[in-house]
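# Fold and contact review
Here are the chains, one letter per residue:
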Amino acid sequence: MKTYLVTGGAGFIGSNFVHYMLKKYNDISLINIDKLTYAGNLENLKAVENDPRYMFVQGDICDKALVEKLFKDHDIDFVVNFAAESHVDRSIREPEVFVNTNVLGTVTLLNAAKNAWEIKDGFKEGKKYLQVSTDEVYGSLGETGYFRETTPIDPHSPYSSSKAGADLVVKAYFDTYKFPINITRCSNNYGPYQFPEKLIPLLINNCLNKKLLPIYGDGLNIRDWLYVEDHCKAIDMVINGGRFGEVYNVGGHNERTNIHIVKTVIDYINKNVDSAVTENLIKYVEDRKGHDRRYGIDPTKIREELGWEPETDYEAGIVKTIKWYLGNKEWMDRVTSGEYTKYYEKMYEAK
Ligand code: NAD
Ligand code: DAU
């Protein structure tokens, strides 16, 4: 019976991970600590809220006393740190909270885990801290080549630099104390429960409401898209099989320009939902400051060492995802009411 401390489990990837793990394993228990920022939503976890293997704690990963208490009250085996401020555009407007949660929150978790797991000659057997990081720490690629685990860290946004800062502290815990860690660096995820500030759910929501589809710059920036369950599968494999101290890149070679994504979403909605949704909704707007041009992951290491392969290809995954949002309009309506609308009105005024 292994006990997981999952942080940020009410967000997009964290909630998918909670579902994935409880479905896959009977003999685990899972504690989810989440601050419930604008991006956290307990509705994402409704199906498991009464599961005896699952427990929710509302709290901040920067709250040292709370985090220490979790380690005192539970024999935690694995920490999986998803909790983060995750949106690049917000980091450009409000960088401080990114450093706070993403760097200081990570150190708080590392320290509490280190104190709880330390024994005379090292650390208790079977423990591990996994930092969920991002390909954005590597910066931006030109037209060729891929990010490997050995690619130098070169972040450009306040978001990615805070994630890179956290990665370096996690690495330092291994280098200094031999503290058992792994870091995963995944490419862009898509799938159910993603907050509609991110490209794909934002496009779907705007199409359904016949709002303009804002494309930053020339629309030719490239992201490497991975279906969220394939990321969850990779994290599970790294927790259970990753070599201590190692970084694992996660990605499925699904590079697409932003304009390609936009046209795919328009095309599906035009054919299946509303023929009035056309490319006329596309609006090219001012580019994101410091906008990384291209991301592309080389997943050779995780494939060769752990046997990870993605299971959902992009064509199937994007249709599955659009259908999920179409089937969960109430979810979309609730998360896009109130603060969301105010934020976007302000944001588009600024562009
Ligand atoms: P998200 O914004 O959807 O969710 C973040 C969650 O963390 C929310 O539930 C929020 O309430 C919680 N949170 C924020 N600050 C907190 C704090 N101080 N204490 C406790 N909880 C807090 O993010 P996501 O897209 O699910 O990303 C999860 C992780 O995966 C992040 O670390 C992100 O950097 C990383 N990542 C994301 C992607 C992607 O494409 N979305 C790709 C690679 C890596
Ligand atoms: O690569 C992994 C990263 O992917 C994660 O670490 C981040 O947490 C996650 O938010 C995501 O970052 P991106 O900046 O790549 O995702 P976003 O959905 O914000 O934007 C995807 C691309 O689409 C990017 O090139 C900017 C562009 N874009 C985005 C929005 C929201 C637009 O053109 N218009 C938009 O309205």
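See the structure shown above.
Here is a short report on the structure shown in this document. (Residues numbered from 1 in each chain as written. Chains lettered and ligands numbered in written order. Predicted model: local features only at pLDDT ≥ 70, side-chain atom pairs only at ≥ 80, totals over all residues. Heavy atoms only, no water.)

### Focus: the sheet that holds strand 13 (residues 255–257)
Condition: Between any two strands, pairing holds if DSSP finds at least two bridges. We count a stretch as a helix when DSSP gives it H or I for four or more residues in a row; a strand needs E for two or more, and each element gets its number in order from the N terminus. Angular values range over 0 to 180 degrees, each being the angle between N-to-C directions of two axes fitted as lines to C-alpha atoms, with helices fitted over their stretch in contact.
Within the open sheet, the 3 strands sit side by side as 9-11-13. Their pairing is mixed. This sheet does not close on itself; its edge strands, each paired only once, are strand 9 (188–190) and strand 13. When the angles between neighbouring strand axes are averaged without regard to direction, this sheet yields 50 degrees. One ladder, built from 3 bridges, connects strand 11 (residues 222–227) with strand 13; its direction is antiparallel.

### Concerning empty space enclosed by the protein
Our working rule: In this analysis a 1.4 Å probe is tested at points of a 1 Å grid over the protein atoms alone, and where it fits but cannot get out there is a cavity; an open set with protein on both sides within 12 Å along at least five of seven lines is a pocket; lining residues have an atom within 4 Å of a point. Grid points are joined across faces, edges and corners, and a volume is the space filled by probe spheres set on the points. In this count, Pro and Cys sit with the nonpolar residues alongside Ala, Val, Leu, Ile, Met, Phe, Trp and Tyr, while Asp, Glu, Lys and Arg are called charged and the others, Gly among them, polar.
In this structure the tally under the stated criterion is 3 cavities of 30 Å³ or more. In terms of lining residues, the second largest cavity is bounded by Val 88, Glu 136, His 156, Ser 157, Arg 223, Arg 288, Lys 289, Gly 290, His 291, Asp 292 and Tyr 295. Residues of the lining of the second largest cavity, tallied by class, amount to 2 nonpolar, 4 polar and 5 charged.

### Some remarks on the site of ligand 2
Using the following cut-off: Working definition: residue near molecule or strand if any one of its non-hydrogen atoms lies within 4 Å of it. Counted as a polar contact is a pair of N or O atoms within 3.5 Å, where, for protein atoms, one must be capable of donating a hydrogen and the other of accepting one, and residues adjacent in sequence contribute only when both atoms are in side chains. Only the protein chains shown count as cover for residues, with accessible areas throughout obtained via the Shrake-Rupley method and a probe of 1.4 Å.
For ligand 2, the set of nearby residues contains 22 residues, the closest of which are Asp 135, Tyr 159, Asn 188, Arg 288 and His 291. A distance of 2.8 Å is found between an oxygen atom of ligand 2 and a backbone nitrogen or oxygen belonging to Leu 199. Its free accessible area being 680 Å², ligand 2 has 95% of it covered by the protein chains. Looking at the shell around ligand 2, the elements with two or more residues in it are helix 6 (199–208) and strand 10 (213–216). Looking at the shell around ligand 2 element by element, the count peaks at 3 residues for strand 10.

### Some thoughts on the nonpolar core
Quick note on the threshold: Within this scheme, the nonpolar core is defined by two criteria: the residues are buried Ala, Val, Leu, Ile, Met, Phe, Trp, Tyr or Cys, and they are joined through side-chain atoms within 4.5 Å. Note on classification: 1.4 Å probe, protein chains only; a residue is buried when its accessible area is under 20% of the maximum for its type, exposed when over 50%, partly exposed between these limits. Any two residues having at least one pair of non-hydrogen atoms within 4.5 Å are treated as being in contact.
With 32 residues, the main nonpolar core has Tyr 4, Phe 17, Leu 30 and Val 80 as its most contacted residues. Of all the secondary structure elements, the ones that give two or more residues to this core are strand 1 (2–7), helix 1 (12–24), strand 2 (28–34), strand 4 (78–81), strand 7 (128–134), helix 7 (228–241), strand 12 (247–250) and helix 9 (300–306). What Phe 17 contacts, discounting residues up to four positions off in sequence, is Val 6, Val 80, Phe 82, Cys 232, Ile 235, Asp 236 and Ile 239.

### Considerations on the pattern of salt bridges
What counts here: Any Lys or Arg side-chain nitrogen located within 4 Å of an Asp or Glu carboxyl oxygen qualifies as a salt bridge.
Applying the stated criterion across every chain, the model contains 25 salt bridges. For Lys 24, the salt bridge is made with Asp 236, and the minimal N-O distance between the two is 2.8 Å. Of this pair, Lys 24 sits in helix 1 while Asp 236 sits in helix 7; the two residues are 212 residues apart in sequence, bridging distant segments of the chain. Accessibility expressed as a relative area gives 2% for Asp 236, which makes it buried.

### Considering the packing of helix 6 against helix 8 (residues 258–272)
Angle between the axes and distance between the axes: these two values describe a pair of packed helices. This is how the line gets drawn: An angle counts as roughly parallel when it lies under 35 degrees, as roughly antiparallel when it exceeds 145, as roughly perpendicular when it falls between 65 and 115, and as oblique in every other case. The hand of a helix crossing depends on one turn: near helix anticlockwise from the far one by less than a right angle means left-handed, and clockwise means right-handed.
Running from N to C, helix 6 and helix 8 cross one another at 40 degrees; their axes reach a closest spacing of 10 Å. Considered as vectors, helix 6 and helix 8 are oriented oblique to each other. Both helix 6 and helix 8 take part in a crossing whose hand is right-handed. On helix 8, the residues touching Leu 199, Ile 200, Leu 203, Ile 204, Cys 207 and Leu 208 of helix 6 are Asn 258, Ile 261, Val 262, Val 265, Ile 266 and Ile 269. Tallied by class, residues from the contact of helix 6 with helix 8 come to 11 nonpolar, 1 polar and no charged.

### Re the packing of aromatic side chains
In plain terms, the rule: Here a pair means two rings of Phe, Tyr or Trp (six-membered ring of Trp) with centres within 6.5 Å. Their orientation is stacked below 30 degrees between planes, edge-to-face above 60, and tilted elsewhere. For a lysine, the NZ atom is tested; for an arginine, the CZ atom; a charge sits over a ring if that atom is within 6 Å of the ring centre and within 35 degrees of the ring normal.
Applying the stated criterion across every chain yields a total of 20 aromatic pairs. Taking 5.0 Å as the distance between ring centres and 55 degrees as the angle between the ring planes, the aromatic pair formed by Tyr 4 and Phe 78 counts as tilted. Of this pair, Tyr 4 sits in strand 1 while Phe 78 sits in strand 4, placing them 74 residues apart in sequence. Each member of the pair, Tyr 4 as well as Phe 78, is classed as buried. It is Arg 294 that lies over the ring of Tyr 146; its NZ or CZ is 5.4 Å from the centre.

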